[in-house]
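# Per-entry structural report
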2 protein chains.
Amino acid sequence: MTDEPRPDDAPNRPLAGTVVLDLTTALAGPYATLLLGGLGATVVKVENPRTGGDSSRNNSPYFGRAGLSVTRAAETDMSVSTMGRSRNKKSITLDLKHERGRETFLRLARNVDIVVENYAAGTADRLGIGYADVRAVNPSIIFTSISGFGADGGSGKAMDSIVQAMSGVMYSAGEPGAEPIRFGLPVGDLLAPLYAVIGTLAAKVQRDRGGVGQHVDVSMLGALTSLLSTEPFDAFARVGLPLRTGNAVPRLAPFGIFPAKDGFIALCGPTDTFARGVFRAMGQPELIDSDRFATRDQRVRHADALHDLVTAWSRTRHRTDAVAALTAEGVPAAEVLEPADALRNPAVLRRGEVVELSHPEHGSTGLMGPGVPIRFSHADARLDQPAPHLGEHTAELLDTIGGLTPEEIAELRRAGVV
Amino acid sequence: MTDEPRPDDAPNRPLAGTVVLDLTTALAGPYATLLLGGLGATVVKVENPRTGGDSSRNNSPYFGRAGLSVTRAAETDMSVSTMGRSRNKKSITLDLKHERGRETFLRLARNVDIVVENYAAGTADRLGIGYADVRAVNPSIIFTSISGFGADGGSGKAMDSIVQAMSGVMYSAGEPGAEPIRFGLPVGDLLAPLYAVIGTLAAKVQRDRGGVGQHVDVSMLGALTSLLSTEPFDAFARVGLPLRTGNAVPRLAPFGIFPAKDGFIALCGPTDTFARGVFRAMGQPELIDSDRFATRDQRVRHADALHDLVTAWSRTRHRTDAVAALTAEGVPAAEVLEPADALRNPAVLRRGEVVELSHPEHGSTGLMGPGVPIRFSHADARLDQPAPHLGEHTAELLDTIGGLTPEEIAELRRAGVV
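Residues numbered from 1 in each chain as written. Chains lettered and ligands numbered in written order. Predicted model: local features only at pLDDT ≥ 70, side-chain atom pairs only at ≥ 80, totals over all residues. Heavy atoms only, no water.

## Looking at the packing of aromatic side chains
Inspection of every chain in the model, using the stated rule, returns five aromatic pairs over all chains. A ring pair is formed by F183 of chain A and F183 of chain B, whose centres lie 3.4 Å apart and whose planes are at 20 degrees; its orientation type is stacked. Here the residue F183 of chain A occupies a position in the loop between α6 (160–167) and α7 (187–208), and F183 of chain B occupies one in the loop between α6 (160–167) and α7 (187–208), the pair thus bridging two chains. (Phe/Tyr/Trp six-rings, centres within 6.5 Å; stacked < 30°, edge-to-face > 60°. Helix = DSSP H or I, 4+ residues; strand = E, 2+ residues; numbered from the N terminus.)

Dropping the structure here:
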């Protein structure tokens, strides 16, 4: 398969010619295969015909002819989640609990490079479509599993909040002694797919070098906890540095989030040069000569007083004015943006890191979703194919990848397997 | 280079035989090359002899013979940041602002597969060591840049807080109308390296297929904003769903963080089955028949009352007891852990997702840091080499990779270039 680019392959995509069989649902798994699709792999999404496919297809809100609505009004209405997550994928239906569904899956798996799944640990094996089953028909397969606690970690339900709670991140934000804080960005779900893509590509490099196929196993809890451990929180605690410092960081003063007339700004001024710039922007350049603020040690010791002075200045300014004044003095500073504004930052749109979602029939939606936030000088990586409707490519791909005859496909349809 | 494994290569590592020239400093860049090293690449870290190398070497606290301390006491004391981030790397010194440093860099670059840098945008080009310079001597190079706003995004200083502020994530946590919330986990720094590794490996797959080398360009702001855009915050806002809901999520009630006698627990009970389990765990199974809580719609409508009932129960329990009761009823639940406990979760340690850091001379530290949170069935990926001291491998690698003679190396030393 890998040697024969199909007609729809764009050869200058990094993963052109690579075929992925995608068993994922919900968020963590589909984000991994979304990135693989954006990098140019052919992604064949296998969906259950009996349940309406990936659960994301039933996530309100939906987009249709009349725009956005809480309930689905027409057959072609599509959930916003699906419009985002199923781009650059093809959809086939297959009932994997049916013996002939399983057989058909293995016929497809024989001819692909990669399988990705995010069932609860052990489920794929129980269905007879796990790594051992696929390897038996395709020894060079790369079989990537994303689960809550790892392939050997039990089948416990790992929702984003549970993973956040167990990883320690909820105690990384907020004031000392405050309640834990749940992140709205679902980091419990979204880090595992990034490591899963890294593992899948590393395994592909190994295999392309003449190595074997293999199982790649990533846990949501391990991914997030591992990332958290990059900061030396452990060492900080032992030498008496506080882990939680709220929106300011006294040991880097002046540093933090400060109120403006119309919102908030972030500024970072930990060095003498930056501190001097902050004082100049505030119109009080003499503060750098003050006993309290002349050196970094002094500023750290008087961080509260310093941050009160910054606040007294910033709260009388509009965000843009305060940031302009700081930036003019070379101080790292920015407005704190709401997501709706952040997603429309022209700098991010220009680079294709965030893109507009489109509906397969109704086109432009005005809603923003992820692009591939990687720019290649000599390759094309982007999410440019709208999400398919359920089973849109079943017949086509059972033929081209599975090698099934029209009669066999018709028979599977009659049996309700596809 | 790629065809000749060096003696220290473990051939069953996914990236065995791949050589990376690492120009990164601080956090975002070094985390990318840490993962490449953990996956088996040979990582040659280039450090400035005039400044003491990577700024992380001067991040307090330090670890030495006497354990952890705020100040450096001996020559061999090493910062905890470096002990974590420089594992599985080799260190050479090279003054890149010196013309002969630049020449030496290009001699090395001729014989490697990948360069990774996280200078401010434009700096590498100005130093004469940018993509165009390296490509001129090594057309198949993969040259990966991590910057605040992209290679074309200006040289603005992008600290973690600035990127968080601009990305919208600070408004994803907390109560409606509350101040923005800075995450303690530096997501502004740490997402870009994950995409940079994905981009680097995808470019390597493309090149190994007979393609060309190329520039891979990842921005910190784009990486985080893109990840944020995977959640349909945009669509939620337009149909009137609140973006910020604090620690509870009313539309999924019972769902959120609840107080216990000795801390907090997280629980997720959005379905009828889970809600029933929550009520049973609370010893009030009859609540599922109540007018207020029998259906999901009713529970969402009466979310506050429901969450008050859960709180009344949970606050009289120890965390472990509350979680055990919920888990016994099949409800996803967990204790909210502090980082120090989360990093010592036996399940995470067993899988090597978090590992103990060791000092090159003093061994065991009792401090935890990241492992490679990816398990391979037929490969070995781990961070098992302690961080090197500054310039530890200069002579060795100028010889084996750069092909410099002992005389040339001695000459560079005399000139202070290495």
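## Focus on the interface of chain A and chain B
Chain A puts 131 residues into the contact, and the matching count from chain B is 131 residues. Surface buried jointly by chain A and chain B totals about 10700 Å² across both partners, of which 66% is contributed by carbon and sulfur atoms. In this structure, D152 of chain A and R375 of chain B form a salt bridge, with 3.0 Å as the shortest nitrogen-oxygen distance. On the surface where chain A and chain B come into contact, there are 55 residue pairs in polar contact (both at pLDDT 80 or more). The class makeup of the residues in the side of chain A that touches chain B is 80 nonpolar, 30 polar and 21 charged. (Contact = heavy atoms within 4.5 Å. Buried area = accessible area lost by both parts, 1.4 Å probe. Salt bridge = Lys/Arg side-chain N within 4 Å of Asp/Glu carboxyl O. Polar contact = N/O pair within 3.5 Å; in protein donor to acceptor, adjacent residues only side chain to side chain. Nonpolar A, V, L, I, M, F, W, Y, C, P; charged D, E, K, R; others polar.)

## Quick word on the domain arrangement of chain A
Along its sequence, chain A is carved into domain 1 (19–227 + 351–414) and domain 2 (250–338). With centres defined by C-alpha atoms, the gap from domain 1 of chain A to domain 2 of chain A works out at 44 Å. (Domains from an automatic or database assignment.)

## Brief notes about the pattern of salt bridges
Enumeration according to the criterion identifies 46 salt bridges over all chains in this entry. Two residues, R351 of chain B and D152 of chain A, come together in a salt bridge whose shortest N-O distance is 2.7 Å. Of the two residues, R351 of chain B sits in the loop between α15 (346–350) and β13 (354–359) while D152 of chain A sits in the loop between β8 (142–147) and α6, which places them in two different chains. Ionic pairing is found between D152 of chain B and R350 of chain A, a salt bridge with its closest N-O pair at 2.8 Å.

## Side note on the environment of G366 of chain A
Tracing the backbone through its elements, the reader meets G366 of chain A in strand β14 (residues 363–370). With 321 residues separating them in the primary sequence, G366 of chain A and K45 of chain A have C-alpha atoms 26 Å apart. Among all residues touching G366 of chain A, those that are not within four sequence positions of it are R344 and E356 of chain A together with D234 and R238 of chain B.

## A look at the relation of the copies chain A and chain B
Put simply, the second copy of the chain is the first one after a rotation about an axis and a shift along it. With an RMSD of 0.0 Å, the fit of chain A onto chain B corresponds to turning through 180 degrees and sliding 0.0 Å along the axis. The relationship between the two copies is best expressed as a two-fold rotation axis. The rotation axis passes nearest to the C-alpha of I198 of chain A in chain A, at a distance of 2.7 Å. (Least-squares fit on C-alpha atoms with pLDDT ≥ 70 in both.)

## Section: the sheet that holds strand β7 (residues 114–117) of chain B
As summarised here, the arrangement of the seven strands in space is β15(A)-β9(B)-β8(B)-β7(B)-β1(B)-β2(B)-β6(B), forming an open sheet in which the pairing is mixed. A single partner strand is all that each edge strand has here, and the edge strands are β15 (375–376) of chain A together with β6 (89–93) of chain B. Taken together, the two bridges between β15 of chain A and strand β9 (residues 214–219) of chain B define a ladder with antiparallel strand orientation. Residue pairing in the sheet places R375 of chain A in a bridge with D217 of chain B of β9 of chain B. (Pairing = 2+ DSSP bridges.)

## Side note on the side chain of S56 of chain B
Residues and elements named next belong to chain B. Secondary-structure assignment places S56 in the loop between β2 (42–47) and β3 (62–64). Looking at S56, its side chain comes within polar contact range of the main-chain oxygen of A26, at 3.2 Å. With near-sequence residues (within four places) excluded, S56 lies in contact with A26, S79, S81, T82 and R85.

## Section: the nonpolar core
In a soluble, globular protein the nonpolar side chains are often hidden away together inside. Counting residues in each nonpolar core, the largest one holds 140 residues, and the members touching the most others are L194 of chain A together with L194 of chain B. Among residues more than four places away in sequence, those in contact with L194 of chain A are Y31 and L35 of chain A together with L191, L194, Y195, I198 and L227 of chain B. (Core = buried A, V, L, I, M, F, W, Y, C linked by side-chain atoms within 4.5 Å. Buried < 20%, exposed > 50% of the residue type's maximum accessible area, 1.4 Å probe, protein only.)

## Observations regarding the packing of α6 of chain A against helix α8 (residues 220–228) of chain A
All names here are of chain A. Running from N to C, α6 and α8 cross one another at 40 degrees; their axes reach a closest spacing of 9 Å. The pairing of α6 with α8 is recorded here as oblique in orientation. Our pair here, α6 against α8, has a crossing hand that is right-handed. Between α6, through V163, Q164, M166 and S167, and α8, the contact on the second element is made entirely by M220, L221, L224, T225 and L228. Along the lines of polarity and charge, the residues of the contact of α6 with α8 split into six nonpolar, three polar and no charged. (Axes fitted to C-alpha atoms, helices over the stretch in contact; angles between N-to-C directions. Parallel < 35°, antiparallel > 145°, perpendicular 65-115°, else oblique. Left-handed = near helix turned anticlockwise from the far one by under 90°.)

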